[in-house]
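Spelled out, the chains give:
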Amino acid sequence: MKKVNFLCLIMLGLFFVACHSNDDTWGDWSRGYSFSGRPRTGAVTFTLNGEVYVGLGRNENVEEKDKYLTDFWKFNGKSWVSVASFPTVGRAGAVAFVVGEEGHQVAYVGTGYREYLGKETYYDNFYTFDGVSWDTTTVIKLPKPADRKDGGRRDGIAFSLNGKGYVGTGLVSGGMVVNDMYCFDPSKSGDAAWSNVEFRGEPRCGAVAFVIKDKAVVCLGAASSSGSNFRRDVYTFDGTTWDDKEPLVDQDGRGFDNDYNQIPRAYAVAFVSSRDGGVLKGYVATGNGSYPGTCWEYNIDTDRWDEVTELPAAMNRRAYAVGFTFNDYGYVTTGGSKMNDPIDVDTWKFTKTMITTMHLVNSTLPDRFGF
């Protein structure tokens, strides 16, 4: 009888494994500590000195005529605490990067846009924050491309790599989507601090970027602000060279990419975690697309994407949110179903877990079967 039960248990384990599109791995979403600020879309986030900051964005439901927010909040894992507000007008679709300066870290927050009294303004300026206050005496501006009046943009990307900051892509004045990319070197001053690193990918807005093992991964986004024509190319960058990786398409004769058509999207979030066997991997979730409820894991060593646990229904359909990593967990907060429709201030935490057949066999389940 025990032998029969044991065989049943093995079959049960195989059933659970077979039912998962990602073979034997998935994760778990749980509610985190709700964001303490107002609901918003198009916010910005950065991590400074081990603490996470979220601010700016747009809330169409505020009573004021100006719908663009300036407040910032710090997350320490258990609570959100208000910090100094952005020193100038509010904006949405901004970016941020963090670099070291004179022995301490400094966050650069800038670009973005605001629409006020029928006028839409795109920004090219950056303000610095040291964890206590904003520096209003020195304003850094993106370079001015030859074909535009300034470097202003919205819905671009930014990341930090090897002590430098990178800013690029996005939507510029006139509705044009661009693919330029600039490097900021804090050891230099003035115009010399910026250099063009010539991103090889297609123009896009609403893309994502994350860093793994001293390489940045840039992917997703759309060819227009309407969210159509999602980009399927993926690139990594080591500070010198752009390398194109496997595109997000299902190619004949290869089994691993059967569901890659579910990954492309715009205005998604990204975070990283090493909780899967100590290997640092990237994750993308939410966004505008055909499969916004799916979450995907990227392994930079194998150049493979695997689907992990879908977003719970309580997270709703959302885009224009922010994602970040804290204590090696992934988090998603703010956002809305549309740019002018913020959902809530709920925060969700992603935990990577692994369950295999052997795990099931050695778990507490055998006690229930009389072993």
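Just so it is clear, the structure is predicted and the values come from calculations on it, not from any experiment.

### Topic: the sheet that holds strand β4 (residues 72–75)
- Pairing is antiparallel across the open sheet formed by four strands, whose spatial order is β2-β3-β4-β5. Each end of this open sheet is capped by a strand with a single partner; those strands are β2 (44–48) and β5 (80–83). Averaged over all pairs of adjacent strands, the angle between their axes in this sheet comes to 30°, without regard to strand direction.
- Bridge count between β2 and strand β3 (residues 51–55): five bridges; the pairing is antiparallel.

### Things to note about the pairing of strand β18 (residues 234–237)
- Residues of β18 alternate between two faces, with Val 234 and Thr 236 on one and Tyr 235 and Phe 237 on the opposite face, all of them buried.
- The sheet contact formed by strand β17 (residues 215–219) and β18 spans four bridges and is antiparallel. Bridge pairing in β18 links Cys 219 to Val 234.
- Taken together, the three bridges between β18 and strand β19 (residues 242–244) define a ladder with antiparallel strand orientation.

### What to know about the nonpolar core
- With 18 residues, the main nonpolar core has Phe 210, Leu 220, Val 284 and Trp 305 as its most contacted residues.
- The set of elements that each furnish at least two residues to this core consists of β16 (208–212), β17, β20 (269–276) and β22 (295–299).
- It is β16 that provides the largest number of residues to this core, a total of three residues.
- Not counting residues within four places of it along the chain, the set of residues in contact with Trp 305 comprises Phe 210, Cys 219, Val 234, Leu 248, Tyr 260, Ile 263, Val 284, Trp 296, Glu 297 and Tyr 298.
- One finds Phe 72, Val 83, Phe 86 and Ala 96 within the second-largest nonpolar core, a separate group that totals 16 residues.

### Structural notes on the pattern of salt bridges
- For the coordinates displayed, the defined rule picks out 13 salt bridges.
- The closest approach of N and O atoms between Asp 180 and Arg 148, which form a salt bridge, is 3.1 Å. Residue Asp 180 is found in strand β14 (residues 176–184), and its partner Arg 148 is found in the loop between β11 (134–141) and β12 (157–161); the two are separated by 32 residues along the sequence. An identical accessibility class is assigned to Asp 180 and Arg 148; each is buried.
- Arg 318 is the partner of Asp 346 in a salt bridge, and the nearest nitrogen-oxygen pair spans 3.0 Å. One end of the pair, Asp 346, is in the loop between β27 (341–342) and β28 (347–354); the other, Arg 318, is in the loop between β23 (304–308) and β24 (322–326), with 28 residues separating them in the sequence. By the burial criterion, Asp 346 is buried, and Arg 318 matches it.
- Salt bridges here are not isolated pairs; linked through shared partners, they connect Arg 148, Arg 153 and Asp 180.

Parameters at a glance
- Residues numbered from 1 in each chain as written.
- Predicted model: local features only at pLDDT ≥ 70, side-chain atom pairs only at ≥ 80, totals over all residues.
- Heavy atoms only, no water.
- Pairing = 2+ DSSP bridges.
- Helix = DSSP H or I, 4+ residues; strand = E, 2+ residues; numbered from the N terminus.
- Axes fitted to C-alpha atoms, helices over the stretch in contact; angles between N-to-C directions.
- Buried < 20%, exposed > 50% of the residue type's maximum accessible area, 1.4 Å probe, protein only.
- Core = buried A, V, L, I, M, F, W, Y, C linked by side-chain atoms within 4.5 Å.
- Contact = heavy atoms within 4.5 Å.
- Salt bridge = Lys/Arg side-chain N within 4 Å of Asp/Glu carboxyl O.

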